[in-house]
Every structure is written in structure tokens, then in C-alpha cells.
Amino acid sequence: MTRLKVVGKVTEEEKGEIQQLFERRNGLNELAKILTADNTELYEKLVSDLGETGIRFQAWWDRMSAKYQWEAIEGGNWEINFDTCEIYLVKG
């Protein structure tokens, strides 16, 4: 992936929201690697949590891009620098 340029910045509070979702999603993905479907109840909870977290993650990006009107390109996406709160346009 090639970072093209900074297209915006979010507040510390907004960054905290996406960082929490990012870390939760990563943790759930790691758990999914070691969890088997043998424990049906836990597996179903994991799948549900992953789905809900994914929806909330995408909703944050949709909400922020509408609020700040970030530049976009076909085949590209945005990434956040958690240290600076800057949003980068990335071409994959």
C-alpha cells in the first residue's frame, strides 16, 4: 500500500473511538484464529461481536468522511495515524 497524502485530521476523541474499535477488531480476529467451533456458544458470540464491531468500524469511517469531506479515489481507502490523528489517503 502506498500512502498518498494527508487528507484530514480528527479530534482526539474521534481518534479514541476508532482506536478502541480497531483494537477490539484485532483482538477478536486473534481469538478467532485459536477458537474452534466446538464451543458453539462462544463461537457464535465471537462471530456476532466481529460482525457488530465491523459495522461500527465502517460506520465511524462513513461518519467521519461525511463530516470532514475527505478526498477519495477509486481503489483507495483511508488510514489513521493514531499518534497524530491524521488521515491518509492510501492506494492499495
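Scroll up a little and you will see the structure.
A. Structural detail: the layout of surface pockets. One number sums up the size of the largest pocket: a volume of about 210 Å³. Taken together, Phe 22, Arg 25, Phe 57, Gln 58, Trp 61, Asn 77, Trp 78, Glu 79, Ile 80 and Phe 82 form the lining of the largest pocket. Taken together, the elements giving at least two residues each to the lining of the largest pocket come down to α1 (12-34), α2 (40-68) and β2 (76-81). Per-element tally for the lining of the largest pocket: the top contributor is β2, with four residues. In terms of residue class, the lining of the largest pocket is made up of six nonpolar, two polar and two charged.

B. Quick peek at the sheet that holds strand β3 (residues 86-91). The strand order β1-β3-β2 describes an open sheet built from three strands, whose pairing is antiparallel. In this open sheet, the two strands that pair with only one neighbour each are β1 (2-9) and β2. Ignoring strand direction, the axes of neighbouring strands in this sheet form an average angle of 35°. Sheet analysis places β2 next to β3, joined by six bridges and oriented antiparallel. Each bridged residue has a counterpart across the sheet, and for Asn 81 the counterpart in β3 is Glu 86.

Cut-off values and rules
- Residues numbered from 1 in each chain as written.
- Predicted model: local features only at pLDDT ≥ 70, side-chain atom pairs only at ≥ 80, totals over all residues.
- Heavy atoms only, no water.
- 1 Å grid on protein atoms, 1.4 Å probe; cavity = no way out; pocket = protein on both sides within 12 Å on 5 of 7 lines; lining within 4 Å.
- Points joined across faces, edges and corners; volume = space filled by probe spheres on them.
- Helix = DSSP H or I, 4+ residues; strand = E, 2+ residues; numbered from the N terminus.
- Nonpolar A, V, L, I, M, F, W, Y, C, P; charged D, E, K, R; others polar.
- Pairing = 2+ DSSP bridges.
- Axes fitted to C-alpha atoms, helices over the stretch in contact; angles between N-to-C directions.

Without other data, these values stay purely geometric and don't point to any function.
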